[in-house]
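So you can see what is in the structure, the chains are spelled out below.
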Amino acid sequence: MANFTRHIVDRESYFGSRSTWLVVCVTAAFSYLVPKLIGALTSNPQTVWPLWPGCAILVTGLLLVRISVWPVLIAASFAGFALADSQAGVPLSSIARFIPGNTLEILISAIGLRYSFDGVPRLNSVSALGKYSLFAVILGPLAGAFFSAHGIAHDYWTGWKIVFLSEVLAFVTLTPALLSWISEGRVLTRQSRAHRLEGGMLIAGLVLASSIVFTLPESSRSPALFYTLVPFLLWSALRFGWLGVSTSLVAVTFLSIWGAVEGRGPFSKMVPLTDPVPLQMFLIFAAIPFMVLAAVSEEHEQAAQEVRESELRFRLVSNTAPVMIWVTGSDKLCTYVNQRWLEFTGRPLEAELGYGWTEVVHKEDFERCVKTYSQAVDHHQSYGMEYRARRHDGEYRWILDTGVPRFNPGGSFAGFIGSCLDITDRKLAEEALATVGRRLIEAHEEERTWIARELHDDIAQRIALAAVELEQYDPHRADAMPGPPDFIRRVCQHLVDLGKDIQSLSHRLHSSKLEYLGFVNASKSFCRDLSEQRKVQIEFKHSDIPSAMPKEISLCLFRVLQEALQNAVKHSAVQNFTVEVHGTKEEINLSVTDSGVGFDWHDAMDRKGLGLISMRERLRLMNGELYIQSEPGRGTTILARVPHQQEHSSMGVAG
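Below or above, wherever it landed, is the structure these notes cover. Here the structure is a predicted model, which is why all the values come from computation and not from measurement.

Calculation rules
- Residues numbered from 1 in each chain as written.
- Predicted model: local features only at pLDDT ≥ 70, side-chain atom pairs only at ≥ 80, totals over all residues.
- Heavy atoms only, no water.
- Helix = DSSP H or I, 4+ residues; strand = E, 2+ residues; numbered from the N terminus.
- Buried < 20%, exposed > 50% of the residue type's maximum accessible area, 1.4 Å probe, protein only.
- Contact = heavy atoms within 4.5 Å.
- Areas by Shrake-Rupley, 256 points an atom, 1.4 Å probe, with all protein chains shown as cover.
- Pairing = 2+ DSSP bridges.
- Axes fitted to C-alpha atoms, helices over the stretch in contact; angles between N-to-C directions.
- Expected span 1.5 Å × (residues − 1).
- Bend = angle between axes of the 7 residues up to and from the residue.
- Patch = residues over 30% accessible without salt bridge, like charges linked within 9 Å, V, L, I, M, F, W, Y side chains within 5 Å.
- Salt bridge = Lys/Arg side-chain N within 4 Å of Asp/Glu carboxyl O.
- Parallel < 35°, antiparallel > 145°, perpendicular 65-115°, else oblique.
- Left-handed = near helix turned anticlockwise from the far one by under 90°.
- Nonpolar A, V, L, I, M, F, W, Y, C, P; charged D, E, K, R; others polar.

## Let's talk about the overall build of the chain
Here comes step 1: Within the chain one finds 20 helices and ten strands.
Here comes step 2: Burial analysis of the chain (655 residues in total) assigns 43% to the buried set.
Here comes step 3: A sequence separation of at least 24 residues applies to 65% of the contacts in the chain between residues at least 6 apart.
Here comes step 4: For the chain, the exposed surface amounts to about 35,100 Å²; the carbon and sulfur share of it is 60%.

Right, here's the structure in full:
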């Protein structure tokens, strides 16, 4: 009940008040004028008109107005019915029998249709036609005929058949035509002139053919003439839908009834028309197939329109997508590629369809690519593969191709759809990362090798030598000197030197001074220790360095200083070096300078020396930069710059 009330309320505002009363007036007028017109066309008072339009017209009017107006509209229309029937000589007893039957029929039809449809019923689908037929063609006429049968004939069942079929014929032909013109009439006026001209030619041809079939004298008619109507009804159903076929059926119905009343055409033997059942059965069963055909045709057209719109949306989305999209059929042949694909290959669409897309695949990847795709299609399985494809400029780029199977609504295999993404930059990044990782491992191993060599070849040997010398000393010997012998002093010196070297090695691996004394003091200590160890002169200068330097920045600059200064001492072939560190509001600058032999730094970077890579990568993590100024024979200057503010760096720098 709640749903019914909601549907009723939703329709309340379909027409404004002015239009509502216009519908009331027109419906009431037709309720009187149409029966009067029928009476004027009927010369024989015994004639029973095969189609009673009153209820069909009234139900149409009820579907167009607010439910609150229904009592007024029903009363006005019934007054028109009664007035026309009384003027035509219908007994008052028959009129009295018609009123309850017509009331029940109208309410069942109008309420059922109002509940079943959201707005004016549109019979453009089989389901809509089925709902309309249930209430307006079956239930309503059945109820109306039950009460009105005695008003048309003395035999109840004869009267019941005539009333039932008269109402059914009206609801099959007249009401659909009225509803179609109300809901589709404006659409037709917006159609092209050629389409409207086609509709006019259809109606003219149908009226002409119907006039010939239903108005020829009996001696001139032939049963084969009925078939002349079929092409026109097919034409109207397939080209103009339910508007066209309902309009055509109204024309055929009224011309056939007029011919039968006038004693012409195939139903001329029924004059006077006291038993119109054969004519009614003919018209009803002729109309229903074409109504169904029109509904099926419009359903198919709507489905085709939805497919076209869906395809249009798909093409719009795919052509604006940042990836290359392709579609293939069940025969493995490519049927569509998007604009991005065409821009990548620089070829026309026709060249990519079928197997044309394989022409841009690198010859070394061709066989593997085609095999992977074919196997996926054969087994209806998703796949992903990488291969090289030729871009429009001739460069081969790495492509990540991913495809998934498509299936029709019935479950049958329809083909594949997939996307391609240019992953060349990712490939290069992976290779660079792999190279860095490999070189880091190599550097790690080299560091281990160096530590092992220092421990084995230097420190271990010196410890062994000190142990041997200590074993040679025996204080109980007769010739022992009263004071410490010279070799004891030498051993002590060896141990002191050994302790310094172990400390230097420890500082190289991890400087505790950097953590406790800060960058400036740790750097100054490192320069002093290296100067004493290597017997060189290192001048250290600093200015405007903040005392609270972030740990990651101080560690980065300290490692760059270690690497740059040790390389300079090792390779420059000079004894004097300068280290300068100064700060500004924006950054900290470090420079290591020597006047030695220099080197070709472009060649060194191309050879990917570990020292330069290590310094560059450390600075890059801190958003810093590395500059090298060096030429053979003109010395070298290593410049490092690190900004104070770190925009992004969640990664620490290992010590």
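## As for the pairing of strand E5 (residues 413-422)
Here comes step 1: Pairing of strand E1 (residues 324-329) with E5, which is carried by six bridges, proceeds in the antiparallel orientation. The partner of Ile 325 across the bridge, within E5, is Ser 419.
Here comes step 2: In the sheet, strand E4 (residues 396-407) pairs with E5 via nine bridges, with the strands oriented antiparallel. Looking at the pairing, Arg 406 lines up with Gly 415 of E5.
Here comes step 3: The antiparallel hairpin formed by E4 and E5 contains five residues in its connecting segment, where Gly 411 sits at a positive phi of about 100°.

## Some words on the sheet that holds strand E8 (residues 587-594)
Here comes step 1: Taken together, the five strands give an open sheet; going across it, the order is E6-E7-E8-E10-E9, and neighbouring strands pair in mixed fashion. Taken across any chain shown, the strands that pair with only one partner, and hence form the sheet edges, are strand E6 (537-543) and strand E9 (625-630). Pairwise comparison of adjacent strand axes, ignoring direction, gives a mean angle of 10° for this sheet.
Here comes step 2: Bridge count between E6 and strand E7 (residues 576-583): seven bridges; the pairing is parallel. Within E7, the residue paired with His 542 across the bridge is Val 581.

## Topic: the sheet that holds strand E3 (residues 383-390)
Adjacent strands of a sheet pair through backbone hydrogen bonds, lying either parallel or antiparallel.
Here comes step 1: Overall, antiparallel pairing links the five strands, which are arranged E2-E1-E5-E4-E3 in an open sheet. A strand with exactly one partner marks an edge of an open sheet, and here the two such strands are strand E2 (334-337) and E3. The average undirected angle you get between the axes of adjacent strands in this sheet is 25°.
Here comes step 2: One ladder, built from three bridges, connects E1 with E2; its direction is antiparallel. The partner of Thr 328 across the bridge, within E2, is Cys 334.
Here comes step 3: Helix H13 (residues 363-379) contacts E1, E3 and E5 of the sheet and is inclined by roughly 150° relative to E3.

## Structural notes on helix H6 (residues 126-148)
Here comes step 1: Over its 23 residues, H6 extends 31 Å from the first C-alpha to the last, a length consistent with the 33 Å expected when each residue adds 1.5 Å.
Here comes step 2: Maximum bend of H6: about 40°, positioned at Ser 133.
Here comes step 3: Among the residues making up H6, those that are buried are Ala 128, Leu 129, Tyr 132, Phe 135, Ala 136, Val 137, Gly 140, Pro 141, Ala 143, Gly 144, Ala 145 and Ser 148.
Here comes step 4: As for H6, its buried residues are in contact with helix H5 (92-116), helix H7 (156-189) and helix H10 (277-320).

## Section: a nonpolar patch on the surface
Here comes step 1: On the surface, Leu 22, Val 26, Phe 30 and Leu 33 cluster together into a nonpolar patch covering about 370 Å² of accessible area.
Here comes step 2: Along the polypeptide, Leu 22 turns up in helix H2 (residues 17-41).

## Brief notes about the pattern of salt bridges
Here comes step 1: By the definition in use, this model includes 23 salt bridges.
Here comes step 2: Between Arg 391 and Asp 393 there is a salt bridge whose closest N-O contact spans 2.7 Å.
Here comes step 3: Take Asp 393: its relative accessible area is 44%, and that puts it in the partly exposed class.
Here comes step 4: Put simply, Arg 397 and Asp 422 hold a salt bridge, and the shortest N to O gap is 3.0 Å. Note that Arg 397 is positioned in strand E4 and Asp 422 in strand E5, a separation of 25 residues in sequence.
Here comes step 5: Within the structure, one salt-bridge network assembled from shared partners comprises Arg 391, Asp 393, Glu 395, Arg 397, Asp 422 and Asp 425.

## Considerations on the side chain of Asn 124
Here comes step 1: As for its placement among the helices and strands, Asn 124 is situated in the loop between H5 and H6.
Here comes step 2: Beyond its immediate chain neighbours, meaning those up to four positions away, Asn 124 contacts Trp 242, Ala 295, Glu 298, Glu 299 and Gln 302.

## Comments concerning the pairing of E8
Here comes step 1: Within E8, seven of the eight residues are buried, which leaves the element mostly enclosed by the surrounding structure.
Here comes step 2: Pairing between E7 and E8: seven bridges, direction antiparallel. When the sheet's bridge partners are listed, Phe 577 is paired in E8 with Asp 594.
Here comes step 3: Counting the residues that bridge the hairpin from E7 to E8 gives three residues.

## Section: the packing of helix H3 (residues 54-62) against H5
Here comes step 1: Across the interface, H3 lies against H5 with an axial gap of 10 Å and an inter-helix angle of 40°. Considering the angle they form, H3 stands oblique to H5. Crossing of H3 over H5 shows right-handed handedness. Of the residues in H5, those touching H3 at Cys 55, Leu 58, Val 59 and Leu 62 are Asn 102, Glu 105, Ile 106, Ser 109, Ala 110, Leu 113 and Arg 114.
Here comes step 2: Of the residues that constitute the contact of H3 with H5, the class distribution is seven nonpolar, two polar and two charged.

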